[in-house]
Amino acid sequence: MTAINASIGFDRRLWRQDLMGSRAHAEMLAAQNIISADDAGAILKGLDQIEGEIEQGTFAFKTALEDIHMNIEARLSELIGEAAGRLHTARSRNDQVATDLRLYVRDAIDTLDGALLGFQKALLKKASAHAGTIMPGFTHLQTAQPVTFGHHLLAYVEMTARDRGRFADARARLNESPLGAAALAGTSFPVDRTLTAEALGFTGPTRNSLDSVSARDFALETLSAAAICATHLSRLAEEIVLWASAHFNFVTLSDGFSTGSSIMPQKRNPDAAELVRAKAGRIIGALMALLVIMKGLPLAYSKDMQEDKEPLFDALDTLGLAIAAMTGMIEDLGVNEAAMGAAAAEGYATATDLADWLVRELGLPFRDAHHLTGRIVALASGRGAALEDLPLDALQEIEPRITEKVFSVLSVEASAASRTSFGGTAPEEVEKQIAWWTARLG
């Protein structure tokens, strides 16, 4: 029973939030004349001493006391005696842990947001250096159209902005205080829940005592945002794994973010990217675990909710590590511009530009232009030549009205430069987006 019931092994990390909540509660009890000012003063002094002990590593956490709340309360009783027992007036461990966990998640979101901002800035810096670097753009992992590497990286800046927005939304919704809801029904003491909410930086108190102690959707929403964010990081990690392979040879990672083989001396393995990719599964698993824990629980509190913390803590820790690793890899990334450009020129990536030219210059319906372009690509493929290397007379055998002007759109550089629509891959448009993001992020 001790082994399955105790949570101090993992909820001890809530100590700082528990002390914050206890201070706010003690001050409110005194302000409402529920406890004396002397008792409140003794409680606050004792809590300060406990904080010092935990920070210095001298606090004795005891499994027999089950959780962080009872460990702190027991130590407070040792320090100040009878007054310690008055701290729990008008409070239950149910509203206490709900408050602590909201405070913890709020702090974690703030930390993650700062890390994601740093990741965005790393992406922007690398994108700025490669706003005009041509690479193949893919659909179905097949060469589609030329893009720039800067444009590709900006896609992840956008994704990360949405990730930050989801975390911000989750933070706003969780920022209500359950403290004072007590076990499930509220309390008969004349507490001031608004006072404690304000003291803890909440926008106000929660409005239903049953929901206050039993809700964990704030943790689910945060884990949902974390899972989506981890998925984005995993997609970029997958691309780095591909790009760093000998077959792509688009990028290189230094020894700081890759490892050697134990038997093959020529290999450099992108282990950091592979681990970021794998850790996404761990974060998604945490979300699934908490959903399953909560799905069948009646109101209000059940001990099942003790199982909310381990997956939540692990997922937020793991995401923070993955963001740091990905930020480091982006900063470290060496870019092989020649290999990217050569790959962009393969696979007839400017075929769409040829079709567009036939529509624009000859007035053909796009479907007719698409068909003619397919015939020209087949001709080039049969000759083992690039589109821009086909002679004009060969093109005119397929469509007599084609002129030398067509060659102005057949290079990968010309193709990318022509995509000047808002949000397009043209270097000048990429530079505009970089400037916009730089100003926005500061």
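Please refer to the structure higher up on the page.
Keep in mind that what you see is a predicted model, and the values were worked out from it rather than measured. (Residues numbered from 1 in each chain as written. Predicted model: local features only at pLDDT ≥ 70, side-chain atom pairs only at ≥ 80, totals over all residues. Heavy atoms only, no water.)

K.L.:
So, the overall build of the chain: which residues are in play, and what are the values?
P.N.:
When helices and strands are tallied, the chain shows 18 helices and six strands. Against the globule reference of 22 Å for 442 residues, the chain gives a C-alpha radius of gyration of 30 Å, more extended than a compact globule. Its C-alpha atoms put the chain at 100 × 55 × 40 Å along the principal axes. In the chain, which comprises 442 residues, the share counted as buried stands at 48%. The long-range share in the chain, meaning contacts at least 24 apart out of those at least 6 apart in sequence, stands at 74%. Averaging the positions of the 41 positive and the 57 negative side-chain charges in the chain gives two centres separated by 2 Å. (Helix = DSSP H or I, 4+ residues; strand = E, 2+ residues; numbered from the N terminus. Rg over C-alpha atoms; globule rule 2.2 N^0.38 Å. Buried < 20%, exposed > 50% of the residue type's maximum accessible area, 1.4 Å probe, protein only. Contact = heavy atoms within 4.5 Å. Lys, Arg positive; Asp, Glu negative; His and termini not counted. Charge placed at Lys NZ, Arg CZ, Asp CG, Glu CD.)

K.L.:
An account of the packing of helix α3 (residues 15–31) against helix α5 (residues 68–80) is needed here, citing residue identities and associated values.
P.N.:
Relative to each other, α3 and α5 sit at 60 degrees, their axes nearing to 10 Å. Relative to α5, the element α3 is oriented oblique. Relative to α5, α3 is oriented so that their crossing is right-handed. Here Trp 15, Asp 18 and Leu 19 of α3 come into contact with α5, specifically with Ile 68, His 69 and Ile 72. (Axes fitted to C-alpha atoms, helices over the stretch in contact; angles between N-to-C directions. Parallel < 35°, antiparallel > 145°, perpendicular 65-115°, else oblique. Left-handed = near helix turned anticlockwise from the far one by under 90°.)

K.L.:
Give me the pattern of salt bridges: which residues, what numbers.
P.N.:
Where charged atoms from two side chains of opposite charge approach closely, those side chains can pair. Counted by the stated rule, this structure contains 24 salt bridges. Residue Arg 166 pairs with Asp 163 through a salt bridge whose shortest N-O separation is 3.1 Å. Of this pair, Arg 166 and Asp 163 both sit in helix α7 (residues 149–174), three residues apart, which is roughly one turn of that helix. Under the relative-accessibility criterion, Asp 163 is labelled buried at 1%. Close ionic contact of Arg 419 with Asp 353 constitutes a salt bridge, the shortest N to O distance being 2.8 Å. Of the two residues, Arg 419 sits in the loop between α17 (412–418) and α18 (427–441) while Asp 353 sits in helix α14 (residues 351–362), which places them 66 residues apart along the sequence. Among the residues examined, Arg 419 registers a relative accessible area of 22% and is labelled partly exposed. For Asp 353, a relative accessible area of 5% puts it in the buried group. When salt bridges with common partners are traced through the structure, they connect Arg 16, Arg 23, Asp 48, Glu 51 and Glu 55 into a single cluster. (Salt bridge = Lys/Arg side-chain N within 4 Å of Asp/Glu carboxyl O.)

K.L.:
Summarise the packing of aromatic side chains; cite the residues concerned and give the values.
P.N.:
Taken as a whole, this structure holds six aromatic pairs when the rule is applied. Look at Phe 138 and Phe 248: their rings are 6.1 Å apart centre to centre, the planes differ by 65 degrees, and that puts the pair in the edge-to-face class. One end of the pair, Phe 138, is in strand β1 (residues 134–139); the other, Phe 248, is in the loop between α10 (217–243) and β3 (251–252), and 110 residues separate them in sequence. When the ring of Trp 436 is compared with that of Trp 437, the centres are 4.9 Å apart and the planes differ by 90 degrees; the resulting orientation is edge-to-face. Assessed through its relative accessible area of 46%, Trp 436 is described here as partly exposed. Over the ring of Phe 61 we find Arg 12, and its NZ or CZ is 4.0 Å from the ring centre. The aromatic ring of Phe 202 is capped on one face by Arg 106, whose charged end is 5.0 Å from the ring centroid. (Phe/Tyr/Trp six-rings, centres within 6.5 Å; stacked < 30°, edge-to-face > 60°. Lys NZ or Arg CZ within 6 Å of the ring centre and 35° of its normal.)

K.L.:
Quick one: what's the story with the pairing of β1, residue by residue and with numbers?
P.N.:
By the bridge criterion, six bridges tie β1 to strand β2 (residues 142–148) in an arrangement that is antiparallel. For Gly 137, the partnering residue across the bridge sits in β2 and is Gln 145. Here β1 hands over to β2 after two residues, with His 140 in that stretch at a positive phi of 60 degrees. (Pairing = 2+ DSSP bridges.)

K.L.:
How would you summarise α18 if you had to cite specific residues and measurements?
P.N.:
Taking 1.5 Å of rise per residue, the 15 residues of α18 would be expected to cover 21 Å, and the 21 Å separating its terminal C-alpha atoms lies within 8% of that figure. Looking at α18, one finds that the buried residues are Glu 429, Val 430, Gln 433, Ile 434, Trp 437 and Leu 441. Looking straight down α18, one finds its buried side chains confined to an arc of 140 degrees; they lie on one side. Within α18, the exposed residues directed more than 90 degrees away from the buried face are Lys 432 and Ala 439. Looking at the buried side of α18, the elements it contacts are α6 (93–129), β2 and α7. Looking one or two residues beyond α18, the residue adopting positive phi is Gly 442, at roughly 80 degrees. (Expected span 1.5 Å × (residues − 1). Arc of directions from axis to C-beta.)

K.L.:
I'd like a description of unusual backbone geometry, backed by residues and values.
P.N.:
Here the residue pair Leu 299 and Ala 300 is connected by a cis peptide bond, since its omega of 10 degrees sits within 30 degrees of zero. On the secondary structure map, Ala 300 appears in the loop between α11 (271–294) and α12 (309–332). Notably, His 140 is not glycine yet its phi reads approximately 60 degrees, a positive angle. Examined against the element boundaries, His 140 turns out to sit in the loop between β1 and β2. Of note, Leu 141 is a non-glycine position whose phi angle comes to about 60 degrees, a positive value.

K.L.:
Can you break down the packing of α6 against α10 residue by residue, with the values?
P.N.:
With their axes 11 Å apart at the nearest point, α6 and α10 run at an angle of 20 degrees to one another. In terms of orientation, α6 lies roughly parallel with respect to α10. The chirality of how α6 crosses α10 is left-handed. Of the residues in α10, those touching α6 at Ala 98, Leu 101, Arg 102, Val 105, Ile 109, Leu 116, Phe 119 and Leu 123 are Phe 218, Thr 222, Cys 229, Leu 233 and Leu 236.

K.L.:
Can you lay out the environment of Ala 339 for me, pointing to particular residues and giving the numbers?
P.N.:
By the secondary structure assignment, Ala 339 is in helix α13 (residues 337–345). Separated by 89 residues in sequence, Ala 339 and Phe 250 place their C-alpha atoms 5.8 Å apart.

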